[in-house]
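# Tertiary structure, described
One letter stands for each residue in the lines below.
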Amino acid sequence: MAKHKAFVKKEKCLACGGCISVCPQDAILMISSKAIVDNELCNSCSICVKTCPIGAIIWEGT
Amino acid sequence: MHYDAVIVGSGPAGSMTARFAAEAGAKVLILERRAEVGVPVLCGEGVSQKVDSFKVLEGKRWIATKMKGARIFSPNGTTVTLAAEYAGDETGYVVYRDIFDQELARGALKKGAEIMLNTRAVDLLKKNGKIKGVTAQHFDETLEIEADVVVGADGVESRVGRWAGIKTTLKPYDLETCVQYTMTNIDWDSPYCDFFLGKHVAPGGYIWVFPKGRDVANVGIGVLASLSEAGKAKQYLDKFIAAQPALKKGESLRIITGADPVAEPIQSVTDNLILVGDAARQVDPITGGGLMHSIEAGRYAGETIGNAVEKQRFDTQTLSEYETRWKNAFGKKLHRNYVVKEIMLDMEDKTLDMLADSLKDYKFEEFSTLSIIKALVTKHPSLLVKLTPLMKLARA
């Protein structure tokens, strides 16, 4: 079974960039003031999910 | 398009770099990915009064209030006060960061720097492995912008440094994850900037209440990311507000999130490249404050670029003038405060209460973390064992 990937809920993201600063895979970009996860690079480590101060990052498929 | 320097980011660090480079005669371009300088605000909006000495801000429009001092509340509510009256009235301001940033940018543009908004740097431009500028996305256009120096003033999430091979990824224990409400309809009449500590208040961080004028205050929280879970920062802040009679009936004019590096300083220079501000982790690991560092380091970066342009040399050695200057100015302080941060993270709530109790009547003559550390060492010689090496660093 494929691993779940981090997914940013755009309607919640307030663009602080915290997730990008801690992503060990450099898998998150800020585009038009919303964080976006590159699924190809995400290794499901969950650091960004825990870091988001408002819980805007969830697991895709859960 | 060829520039002496292309600066990624129009925050205080980027604008100061641009201002002083332009003033030294360099041809400078600032790239800002957002549509408006300074918006959205991502900050608690407190700055030391030392900012006045740089003379880079015109007028008073950027000032919300002048602080009367600061109060630190230990977990059981014991209060340590740093009052303006004992600190020679030298405290700080609560500012409107959007106006503050726009004034700094305006200062740079008046000196001849150029700016492009809605322009996202997407990669470094390289030739034979040498940095030659940046590739940027401007609306639908992809631009190749050539420059002798690329400045990464691109904030906590800096990607410019990563592209140049500098390790900028933060560990979760080196990042404060933040939320802040700008509240009104509150009954908070303290003229002080207040800080609330405790494992049950803000794990590995603190909650702040900064008055922003009549009936408005910034109420925010920073939680150490390694001690956090999804959405925890906001939950802790909401819990705090609900328990404060003066705040709980308030309404919010604004909610923002933030991410604050509380890390050791990093390498900030390589061939044809400089990192400045949050991108270079120029933030006090205890307070999370970085504005003054960005402003000071931005000046050094700009002046260094001016010298480099004059010599037409852009190698690490030439640009190192910048790193030497900022590390001499406040690099040692950041290192010391990083060690203090680690000591504080190990403290139980009751230790914080005991330390606060011993300082509750102390008259601080300076508005700084160093004055608190010095007072603690005076009161608790046993702390000397841990802190003595740091005091040496402080004097160095």
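Residues numbered from 1 in each chain as written. Chains lettered and ligands numbered in written order. Predicted model: local features only at pLDDT ≥ 70, side-chain atom pairs only at ≥ 80, totals over all residues.

### As for helix 6 (residues 316-345) of chain B
All names here are of chain B. With 30 residues, helix 6 extends only 36 Å from end C-alpha to end C-alpha; this falls clearly short of the ideal 44 Å at 1.5 Å per step. At Asn-328, helix 6 shows its largest kink, close to 55°. Residues of helix 6 that are buried include every one of Leu-319, Tyr-322, Glu-323, Trp-326, Lys-333, Leu-334, Arg-336, Asn-337, Val-340 and Lys-341, and no others. (Helix = DSSP H or I, 4+ residues; strand = E, 2+ residues; numbered from the N terminus. Expected span 1.5 Å × (residues − 1). Bend = angle between axes of the 7 residues up to and from the residue. Buried ≥ 20, exposed ≤ 12 C-beta atoms within 10 Å, placed from the backbone.)

### Side note on the environment of Asp-215 of chain B
Residues and elements named next belong to chain B. Considering the arrangement of structural elements, one finds Asp-215 in the loop between strand 14 (206-211) and strand 15 (216-224). Asp-215 sits in the partly exposed class, given 14 other C-beta atoms within 10 Å. Considered as a pair, Asp-215 and Ile-145 are 70 residues apart in the sequence and their alpha carbons are 47 Å apart.

### A few points about the nonpolar core
Residue and element names in this part refer to chain B. In terms of nonpolar packing, the biggest core is built from 133 residues, with Ala-5 and Ile-7 touching the most fellow members. When residues of this core are assigned to their parent elements, the largest contribution, 9 residues, is made by helix 5 (residues 291-311). Lining this core are residues from two domains, each supplying at least three of them: domain 1 (2-67 + 94-170 + 263-337) and domain 2 (172-261). Those residues within four positions of Ile-7 in sequence are excluded, and the remaining contacts are Gly-14, Thr-17, Ala-18, Val-28, Leu-29, Ile-30, Leu-31, Val-151 and Ala-153. (Core = buried A, V, L, I, M, F, W, Y, C linked by C-beta atoms within 7 Å. Domains from an automatic or database assignment. Contact = placed C-beta atoms within 7 Å.)

### Concerning the sheet that holds strand 3 (residues 46-48) of chain B
Residue and element names in this part refer to chain B. Taken together, the 3 strands give an open sheet; going across it, the order is 3-7-4, and neighbouring strands pair in antiparallel fashion. Where the open sheet ends on each side, the last strands, each with one partner, are strand 3 and strand 4 (63-66). Sheet twist, expressed as the mean angle between neighbouring strand axes with direction ignored, is 35°. Pairing of strand 4 with strand 7 (residues 92-95) involves 3 bridges; the strand directions are antiparallel. Its bridge partner being in strand 7, Thr-65 is matched across the sheet by Val-94. (Pairing = 2+ DSSP bridges. Axes fitted to C-alpha atoms, helices over the stretch in contact; angles between N-to-C directions.)

### Description of the interface of chain A and chain B
With 21 residues of chain A at the interface, the matching set in chain B holds 26 residues. At the level of secondary structure, the elements contributing two or more residues to the side of chain A that touches chain B comprise helix 1 (18-22) and helix 2 (47-51) of chain A. By residue class, the composition of the side of chain A that touches chain B is 13 nonpolar, 6 polar and 2 charged. (Nonpolar A, V, L, I, M, F, W, Y, C, P; charged D, E, K, R; others polar.)

### Overview of the pairing of strand 1 (residues 2-8) of chain B
Residues and elements named next belong to chain B. For strand 1, a buried count of 6 out of 7 residues is recorded, marking the element as mostly surrounded by other parts of the structure. In this sheet, strand 11 (residues 141-152) lies alongside strand 1 in parallel orientation, the contact comprising 6 bridges. Bridge pairing links Ile-7 to Val-151 in strand 11. Note that strand 1 and strand 2 (residues 28-31) share 4 bridges and pair parallel. Note on strand 2: the bridge partner recorded for Ile-7 is Ile-30. Considered for its hand, the β-α-β crossover made up of strand 1, helix 1 (residues 12-23) and strand 2 is right-handed. (Right-handed = clockwise from strand over helix to strand, strands pointing away.)

### A short note on helix 1 of chain B
Residues and elements named next belong to chain B. Helix length check: helix 1 (12 residues) gives 16 Å between terminal C-alpha atoms against 16 Å at 1.5 Å per residue, within 8%. Within helix 1, 11 of the 12 residues are buried, which leaves it mostly tucked inside the rest of the structure. If you check which residues of helix 1 are buried, you get Pro-12, Ala-13, Gly-14, Ser-15, Met-16, Thr-17, Ala-18, Arg-19, Phe-20, Ala-21 and Ala-22. Here the buried face of helix 1 lies against strand 1, strand 2, helix 2 (97-110), strand 11 and helix 5. Trailing helix 1 by a residue or two, Gly-25 shows a phi angle of about 100°, which is positive.

### Quick notes on unusual backbone geometry
The step from Val-39 of chain B to Pro-40 of chain B runs through a cis peptide bond, and the omega angle for that step is 0°. If you trace the backbone, Pro-40 of chain B turns up in the loop between strand 2 and strand 3. In the Ramachandran plot, Ala-15 of chain A falls in the positive-phi region, its phi being about 65° despite a non-glycine side chain. Here Ala-15 of chain A falls in the partly exposed class, since 18 other C-beta atoms lie within 10 Å of it.

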